[in-house]
Amino acid sequence: MWDGKAARAALPAVLEGFGVTVLATVPAFAVALVLGLALALVQRAGPAWLALPVRGAAVFVRSTPLLVQLFAAWVLVPALDAPVLGVLVLGTHYATYLSEVYRTGFDSVPKGQWEACTALSLPRRRVWRAVVLPQAVRNVLPPLGNYAVSMFKETPLLSVITVHEMVHEANTFGSTHFAYLESFTLAAAVFLLASWPTSLLVRRLEARLAH
């Protein structure tokens with residue numbers, strides 16, 4: 001049965017964990033955005049000797065569970081602090097997905113614009129910087145937002161490498177005070193309150209860009 005007193009007692013711990021969750025999600029997504037773009041550019045415009053191994057590495061990361069990657073990194077790189085390691089692994093994992101999103105954005109640029117750039121003999125770097133990237137990034141903003149929400153909801157996996165994010169704090173409080181129902185319900189509510197508005201914004205952005 002729901003205990004309001006236990007819920008009020010659990011709230012500070014859950015909110016403290018939420019702060020850690022946000023601090024993990026934001027830099028991890030920044031890593032994913034930058035690294036994902038780099039991976040996409042190398043695979044699309046890089047030399048074959050570099051593009052092929054990068055593509056193979058990206059496929060390997062996408063094909064293995066994030067949980068396994070966290071455990072492997074925790075064992076292989078013990079010198080890094082757990083929060084830093086978690087951010088890097090989470091960001092790298094999602095970068096491989098965002099690289100495919102960026103690739104789709106590149107493909108969405110009309111073929112005629114590529115041909116026009118070729119006809120004008122524009123330098124390759126200028127073509128990408130001034131023509132392709134502005135359009136591609138604009139076209140992929142909605143899916144990028146969806147992946148940001150997905151990453152936020154996967155942060156509980158960081159608890160396996162001792163990052164005390166929100167679900168970890170809820171579990172700790174629940175086991176200490178025998179109040180799992182209250183602590184996990186609060187954690188679920190915070191996840192909902194944080195992710196639902198973001199999902200709505202992504203939908204509105206997707207609808208606006210479709211017109």
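Residues numbered from 1 in each chain as written. Predicted model: local features only at pLDDT ≥ 70, side-chain atom pairs only at ≥ 80, totals over all residues. Heavy atoms only, no water.

1. Concerning the side chain of Ser 99
Phase 1: For Ser 99, the position within the fold is in helix α4 (residues 82–108).
Phase 2: Apart from residues lying up to four places away in sequence, Ser 99 is in contact with Gly 36, Leu 39, Ala 40, Gln 43 and Arg 62. (Helix = DSSP H or I, 4+ residues; strand = E, 2+ residues; numbered from the N terminus. Contact = heavy atoms within 4.5 Å.)

2. What about the environment of Ala 10?
Phase 1: Along the polypeptide, Ala 10 turns up in helix α1 (residues 4–45).
Phase 2: Along the sequence, Ala 10 and Leu 186 sit 176 residues apart, while their C-alpha atoms lie 8.0 Å from each other.
Phase 3: Once you skip the residues sitting within four places of it in the chain, Ala 10 turns out to touch Phe 173, Ser 183 and Leu 186.

3. Let's talk about the nonpolar core
Phase 1: Ranked by internal contacts, the top residues of the largest apolar core, which has 34 residues, are Leu 98, Tyr 102, Phe 106 and Met 151.
Phase 2: Residue assignment for this core shows that the elements contributing at least two residues are α1, α3 (66–76), α4, α6 (124–139) and α7 (141–154).
Phase 3: With 11 residues, the top contributor of residues to this core is α4.
Phase 4: In this structure Leu 98 touches Phe 29, Ala 32, Leu 33, Gly 36, Leu 144 and Tyr 147, once residues within four positions along its chain are discounted. (Core = buried A, V, L, I, M, F, W, Y, C linked by side-chain atoms within 4.5 Å. Buried < 20%, exposed > 50% of the residue type's maximum accessible area, 1.4 Å probe, protein only.)

4. Digging into unusual backbone geometry
Phase 1: Unusually for a residue other than glycine, Thr 162 sits at a positive phi of about 70°.
Phase 2: Residue position: Thr 162 is located in the loop between α7 and α8 (166–177).
Phase 3: Taking the relative accessible area as the measure of exposure, Thr 162 reaches 47% and is therefore partly exposed.
Phase 4: With a phi close to 55°, Phe 178 is a non-glycine residue in the positive phi region.

5. Considering the environment of Val 42
Phase 1: Within the secondary structure layout, Val 42 lies in helix α1.
Phase 2: The exposure class assigned to Val 42 is partly exposed, which follows from its relative accessible area of 22%.
Phase 3: Between the alpha carbons of Val 42 and Arg 55 there is a distance of 8.7 Å; along the sequence they are 13 residues apart.
Phase 4: Beyond its immediate sequence surroundings of up to four residues, Val 42 is in contact with Leu 50, Ala 51 and Val 54.

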